[in-house]
Amino acid sequence: LPEHYGFGAATDAAMRLPLLRQILGWLGSGGAGREILTEGLEAGKNLFILPGGVAEIFLSHPGTHAVKARRRGLIKLALRTGANLVPVYVFGGNDFYHQLATLGNGSKGRDGRNVLREKSSNL
């Protein structure tokens, strides 16, 4: 599939987990380093990425919509490499499933989310 659709970029923290790294590799994803992204875009490949990254995942809650797209590095990279940008928004993505990291306030999930946030910031 990657040869048809392009490549994805995942946080370096995800690439350190062996099983997740393998699955992401099968899906055509790799690290989100600037060199990797530049090389792929200059080769004319499509890039699929969530600009909000991990921070946006922690903001997602069922019934809400949060966009944390204040990052401008991807836009600068597209301008440098001549890549086209196609903004896409998935409506209802936060309602699709519940996960430990995004459970509501005052629940055990909130504690789990804080632990995940602390661990990921230390990587």
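Below is a summary of the structure that appears in this document.

### With respect to the pairing of strand S1 (residues 7-10)
Next, step 1: Burial of S1 is two-sided: the residues Phe-7 and Ala-9 facing one way and the residues Gly-8 and Ala-10 facing the other way are all buried.
Next, step 2: The pairing of S1 with strand S3 (residues 47-48) spans two bridges and is parallel. When the bridges of S3 are listed, Phe-7 appears paired with Leu-47.
Next, step 3: Two elements, S1 and strand S2 (residues 29-31), share three bridges in a ladder whose sense is parallel. Pairing of Gly-8 across the sheet is with Ser-29, part of S2.

### Points about a positive patch on the surface
Next, step 1: Residues Arg-34, Arg-70, Arg-72, Lys-76 and Arg-80 make up a contiguous surface patch of positive charge.
Next, step 2: On the secondary structure map, Arg-34 appears in helix H4 (residues 34-42).

### Describing a nonpolar patch on the surface
Next, step 1: On the surface, Leu-17, Leu-19, Leu-20, Ile-23, Trp-26 and Leu-27 cluster together into a nonpolar patch covering about 640 Å² of accessible area.
Next, step 2: You can call Trp-26 exposed: its relative accessible area is 62%.

### Here's the deal with the environment of Asn-84
Next, step 1: On the secondary structure map, Asn-84 appears in the loop between helix H6 (73-81) and helix H7 (108-121).
Next, step 2: Residues Asn-84 and Asn-46 lie 38 residues apart in sequence; the distance between their C-alpha atoms is 8.7 Å.

### Re the nonpolar core
Next, step 1: Residues Phe-7, Ala-9, Leu-37, Leu-41 and Leu-77 constitute the largest nonpolar core, which totals five residues.
Next, step 2: Elements with a minimum of two residues in this core: S1 and H4.
Next, step 3: Ignoring sequence-local partners within four residues, the contact set of Leu-41 consists of Phe-7, Leu-47, Leu-77, Thr-81 and Ala-83.

### Quick look at the packing of H4 against H6
Next, step 1: Orientation of H4 relative to H6, taken along the N-to-C sense of each, is 40°, at an axis distance of 10 Å. As far as their axial angle goes, H6 and H4 are oblique. H4 and H6 meet at a crossing whose hand is right-handed. Contacts from Arg-34, Leu-37, Thr-38, Leu-41 and Glu-42 in H4 reach Leu-77, Arg-80 and Thr-81 in H6.
Next, step 2: Grouping the constituent residues of the contact of H4 with H6 by class yields three nonpolar, two polar and three charged.

### Quick look at H4
Next, step 1: Among all positions of H4, only Leu-37, Thr-38, Gly-40 and Leu-41 are buried. Along the axis of H4, the buried positions cluster into a sector of 165°, meaning they face one direction only. For H4, the exposed residues lying more than 90 degrees away from the buried face are Glu-35, Glu-39 and Glu-42.
Next, step 2: In this structure, the buried residues of H4 make contact with S1, S2, S3 and H6.
Next, step 3: Following H4 by one or two positions, Gly-44 has its phi on the positive side, about 85°.

Each value, and the rule that gives it
Residues numbered from 1 in each chain as written. Predicted model: local features only at pLDDT ≥ 70, side-chain atom pairs only at ≥ 80, totals over all residues. Heavy atoms only, no water. Buried < 20%, exposed > 50% of the residue type's maximum accessible area, 1.4 Å probe, protein only. Helix = DSSP H or I, 4+ residues; strand = E, 2+ residues; numbered from the N terminus. Pairing = 2+ DSSP bridges. Patch = residues over 30% accessible without salt bridge, like charges linked within 9 Å, V, L, I, M, F, W, Y side chains within 5 Å. Areas by Shrake-Rupley, 256 points an atom, 1.4 Å probe, with all protein chains shown as cover. Salt bridge = Lys/Arg side-chain N within 4 Å of Asp/Glu carboxyl O. Lys, Arg positive; Asp, Glu negative; His and termini not counted. Charge placed at Lys NZ, Arg CZ, Asp CG, Glu CD. Core = buried A, V, L, I, M, F, W, Y, C linked by side-chain atoms within 4.5 Å. Contact = heavy atoms within 4.5 Å. Axes fitted to C-alpha atoms, helices over the stretch in contact; angles between N-to-C directions. Parallel < 35°, antiparallel > 145°, perpendicular 65-115°, else oblique. Left-handed = near helix turned anticlockwise from the far one by under 90°. Nonpolar A, V, L, I, M, F, W, Y, C, P; charged D, E, K, R; others polar. Arc of directions from axis to C-beta.

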